[in-house]
Amino acid sequence: MAHPCEAAALEGALDAAVQGLITPILVGPIGRIREVAASAHLDLGNAEIIDAPHSHAAAAAAVQLVREGRAQLLMKGSLHTDELLGAVVARETGLRTGRRLSHAFIMDVPTYHKVLIVTDAAINIAPTLEDKADICRNAIELAHSLGVAQPKVAVLAAVETVTSKMPATIDAAALCKMADRGQITGGLLDGPLAFDNAISKEAAQMKGINSAVAGDPDILIAPDLEAANILAKLLTFLANSDSAGLVLGAKVPIILTSRADSVRARIASCAVAVLAAHARAVKT
């Protein structure tokens, strides 16, 4: 019997193909792929299948397809995240760029007036200032691919004042100064901002914060992975938000879905990844 995670991963890719979003190339043990499809009553149609004996080999083969120009994005199937990303960051055979990898959730929050990007909730556990700069750059480029010309970036902390007792506030202030000096471009940054000040213009005004970002951010930069992960899941499970997830900073977008994600979330991730891949192709 197919594991539900395997079936969901395969179904997400096939449904995205049916809707015309992607043309999938399935990589893995061909017998297992066919077994999962049969067990879940999924039609593989004319999907190309690249046989690989195990998950590590599948990750390496998928990355090689991108290097050869046969694929424009990667989608995690039923394998561990570290197996896929290990192949992506391999020094000689991977898809590294000068950027640090980071994860972004693109969220449709019913109580917010536009799409919201939350980062980084899955890759960088305790990002340094330099890591956060790349997290900002990756998120800004993603927002550009979604049609936001100058995304507003709120750099979050527990408070809106800079204090050495909270290193996140110092990082936030430094990121804003980096933007002022042209080290981070393409967006409008402000921080540190507490979550209420970032999301609510009224809350910011009550605290005397005069900010073009407060109340209207496109991107929320969390101080660490735990904060971003809790925030994203809170918005999903308490605010009924829809979300898509991508890994950014490699040569192509990487669709990194959770085992708990629905087929709807997987399809949404495919759609956003296609936009990001197209924007990258136009830029280059």
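Provided above is the structure to which this section pertains.
Residues numbered from 1 in each chain as written. Predicted model: local features only at pLDDT ≥ 70, side-chain atom pairs only at ≥ 80, totals over all residues. Heavy atoms only, no water.

Undergrad: Looking at this model, I keep getting lost on the overall build of the protein. Mind explaining?
TA: The helix and strand tally for the protein stands at 10 helices and 10 strands. Its C-alpha atoms give the protein a radius of gyration of 20 Å, within 12% of the compact-globule value 19 Å for 284 residues. When its C-alpha atoms are laid out on the principal axes, the protein stretches across 60 × 40 × 35 Å. Per-residue burial over the protein gives 48% buried out of 284 residues. By sequence separation, contacts in the protein at least 24 residues apart represent 67% of the contacts at least 6 residues apart. Summed over all atoms, the accessible surface of the protein reaches about 13800 Å², with 55% contributed by carbon and sulfur. (Helix = DSSP H or I, 4+ residues; strand = E, 2+ residues; numbered from the N terminus. Rg over C-alpha atoms; globule rule 2.2 N^0.38 Å. Buried < 20%, exposed > 50% of the residue type's maximum accessible area, 1.4 Å probe, protein only. Contact = heavy atoms within 4.5 Å. Areas by Shrake-Rupley, 256 points an atom, 1.4 Å probe, with all protein chains shown as cover.)

Undergrad: It is not clear to me how the sheet that holds strand β7 (residues 188–193) should be interpreted in this structure. Could you clarify?
TA: Either a parallel or an antiparallel arrangement is found when strands of a sheet pair, and the pairing is made through backbone hydrogen bonds. In space, the eight strands of this open sheet follow the order β3-β10-β9-β4-β5-β8-β6-β7, with mixed pairing throughout. The outermost strands of the open sheet, each flanked by one partner alone, are β3 (74–75) and β7. Strand direction decides the pairing type here: strand β9 (residues 242–248) and strand β10 (residues 254–255), joined by two bridges, are antiparallel. If you follow L246 over to β10, its bridge partner there is I255. Those strands touched by helix α9 (residues 225–237) are β4 (102–108), β5 (116–119), β6 (152–156), β8 (219–221) and β9, and its axis lies near 145° from that of β5. (Pairing = 2+ DSSP bridges. Axes fitted to C-alpha atoms, helices over the stretch in contact; angles between N-to-C directions.)

Undergrad: Looking at this structure, I do not really get the environment of S145. What am I missing?
TA: Topologically, S145 is positioned in helix α5 (residues 129–145). The class of S145 is buried, set by a relative accessible area of 14%. Sequence-wise, S145 and L10 are 135 residues apart; in three dimensions their C-alpha atoms are separated by 26 Å. Setting aside chain neighbours within four positions, we find S145 in contact with L275, A276 and A279. Among the polar contacts listed, one links the side chain of S145 to the backbone oxygen of L142, at a separation of 2.6 Å. (Polar contact = N/O pair within 3.5 Å; in protein donor to acceptor, adjacent residues only side chain to side chain.)

Undergrad: In this structure, what is going on with the environment of L129? I would like to understand it.
TA: Relative to the assigned elements, L129 resides in helix α5. For the pair formed by L129 and S39, sequence separation is 90 residues and the distance between their alpha carbons is 48 Å. L129 has contacts with D171, A174, L175 and M178, leaving out every residue within four places of it along the chain.

Undergrad: Is there a simple way to think about the side chain of N124 in this case?
TA: Structurally, N124 can be placed in the loop between β5 and α5. Relative accessible area serves as the criterion here: at 3%, N124 is assigned to the buried category. At a separation of 2.9 Å, a polar atom in the side chain of N124 contacts the main-chain carbonyl oxygen of L101. There is a polar contact of 2.7 Å between the side chain of N124 and the side chain of D120.

Undergrad: Explanation requested: unusual backbone geometry in the structure shown.
TA: Excluding glycine, residues mostly carry a negative phi; peptide bonds, for their part, are mostly trans. Each neighbour pair has its own omega, and for T119 with D120 the value is -5°, a cis peptide bond. Position of D120 relative to the elements: it lies in the loop between β5 and α5. Between G191 and P192 the backbone carries a cis peptide bond, its omega angle lying at 5°. If you trace the backbone, P192 turns up in strand β7. The backbone phi angle of H41 is positive, close to 60°, even though this residue is not glycine. On the secondary structure map, H41 appears in the loop between α2 (30–39) and β2 (48–51). A positive phi angle, close to 55°, is found at N240, a residue other than glycine. Within the secondary structure, N240 is located in the loop between α9 and β9. Classification of N240 by relative accessible area gives exposed; the value is 59%.

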